[in-house]
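Fold and contact review
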Amino acid sequence: MAEIIDGKKISQDIKDEVKDKVATLKEDGIEVTLAVILVGNDPASGVYVSNKKKACEYTGIKSLSYEMPENTSEEELLSLIDDLNRDNTVDGILVQLPLPKQINEDRVIRRISPDKDVDGFHPESVGRLSIGERGFVSCTPAGIIELLKRSDVEIDGKECVVIGRSNIVGKPMGMLLLRESGTVTICHSHTRDLKEVTKRADILVVAIGKPKMIDASYIKEGATVIDVGIHRLEGKKLCGDCDYDSCAGVAGKITPVPGGVGPMTIAMLMVNTYQASLMHHGRI
């Protein structure tokens, strides 16, 4: 049976580390500050924003909350972002996605200053990652790298397969694994003979968006399996993109759902916000 990679514990360790670092900055008169914007009343988004605020409170990061109505215009949102870009007391800006249909998400992402883009979604942040420059990395892939490193999973020289090619997870995940000297293959809906590809993987990252699609037949004996998916089944039970029981019988290490990748996303947001403050105040 596979060893469970405990995302709750690892994310807590990271938040504790950030808490200590933020306290040290506070002693020097620097208050780390994150502005969080929520537009509309999407229930899932409300939960995410609430969890982000709790993490800020725990780590000592000041959280500025902007909750805007569903009918907010794109111009109003962009105007607020402009104000926060100019505000010298704000280190990071986060706009919770998805946005109401009248607002163009791409325009909003591009309007946030790359130096305050703690979500790592701005094209400049993506470009910095692709050429190996310092910048903000999308929180979920960054969290997965931390899960692997802190679970003693060697990436250097290993066969790494990512299922999914989204801008938020799949593509940056591939680049981060490559940065760690993994040999990377990215699979997607047009990949032929998917099982043949995934069964080569020493590290398999599954971000395909289909509940329980990946079972033991896709997995090499002893591989590390990272399940990014989260789905609510009937009876409100949560599951991932992997059939956990099946995969855990073959894998060497595996992340559960919930309690695997999910907690890491918010932990890495705290890391990015702290890093933004260091850059803002000329500490790095």
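Now for a quick tour of the structure. Bear in mind that the values here come from a model prediction, so they are computed numbers and not experimental data.

**Concerning the pattern of salt bridges**
Tallied over the entire structure, the rule returns 13 salt bridges. Between E124 and R128 there is a salt bridge, with the nearest N and O atoms lying 2.8 Å from each other. Note that E124 and R128 are positioned in helix α5 (residues 123–131) at a spacing of four residues, about one turn of the helix. Owing to a relative accessible area of 17%, R128 belongs among the buried residues under this scheme. Between R150 and E146 there is a salt bridge; the shortest N-O distance is 2.7 Å. Here E146 and R150 lie together in helix α6 (residues 139–150), a separation of four residues that amounts to about one turn. Judged by relative accessible area, which is 35%, R150 ranks as partly exposed.

**Remarks on the pairing of strand β4 (residues 92–95)**
The side chains of a regular strand alternate, first on one face of the sheet and then on the other. Taking every second residue as pointing to the same face, both faces of β4 are buried, with G92 and L94 on one and I93 and V95 on the other. The sheet contact formed by strand β2 (residues 33–39) and β4 spans four bridges and is parallel. Following the sheet pairing, V36 is matched in β4 by L94.

**Let's talk about helix α1 (residues 7–27)**
The end-to-end C-alpha distance of α1, which contains 21 residues, comes to 30 Å, matching closely the 30 Å that a straight helix rising 1.5 Å per residue would cover. Buried positions along α1 lie against α2 (43–59), α6 and α10 (262–280). For α1, the side-chain oxygen to backbone nitrogen distance between the N-cap and K8 is 3.1 Å, and the N-cap itself is D6. Looking one or two residues beyond α1, the residue adopting positive phi is G29, at roughly 85°.

About the criteria used
- Going along each chain's sequence as written, the residues are numbered from 1 onward.
- Side-chain atom pairs in this predicted model are given and counted only at pLDDT of 80 or more, local residue features only at pLDDT of at least 70, and totals for whole chains, interfaces and linings cover all residues.
- Where side-chain values are given, they derive from all heavy atoms of the structure, hydrogens and water being excluded.
- Criterion for a salt bridge: a side-chain nitrogen of Lys or Arg within 4 Å of a carboxyl oxygen of Asp or Glu.
- We count a stretch as a helix when DSSP gives it H or I for four or more residues in a row; a strand needs E for two or more, and each element gets its number in order from the N terminus.
- A simple rule labels every residue: compare its accessible area, found with a 1.4 Å probe on the protein chains alone, to the largest value its type can have, and call it buried under 20%, exposed over 50%, or partly exposed in between.
- Only strands joined by at least two bridges in the DSSP assignment are considered to pair.
- Multiplying 1.5 Å by the residue count of a helix minus one yields the expected span of that helix.
- Throughout, a contact is declared for two residues whenever any of their heavy atoms are within 4.5 Å.
- Residues adjacent in sequence count toward polar contacts only when both atoms are side-chain atoms; beyond that, a polar contact is any pair of N or O atoms within 3.5 Å, and within protein one must be able to donate a hydrogen and the other to accept it.

The analysis is restricted to geometry; functional conclusions fall outside its scope.
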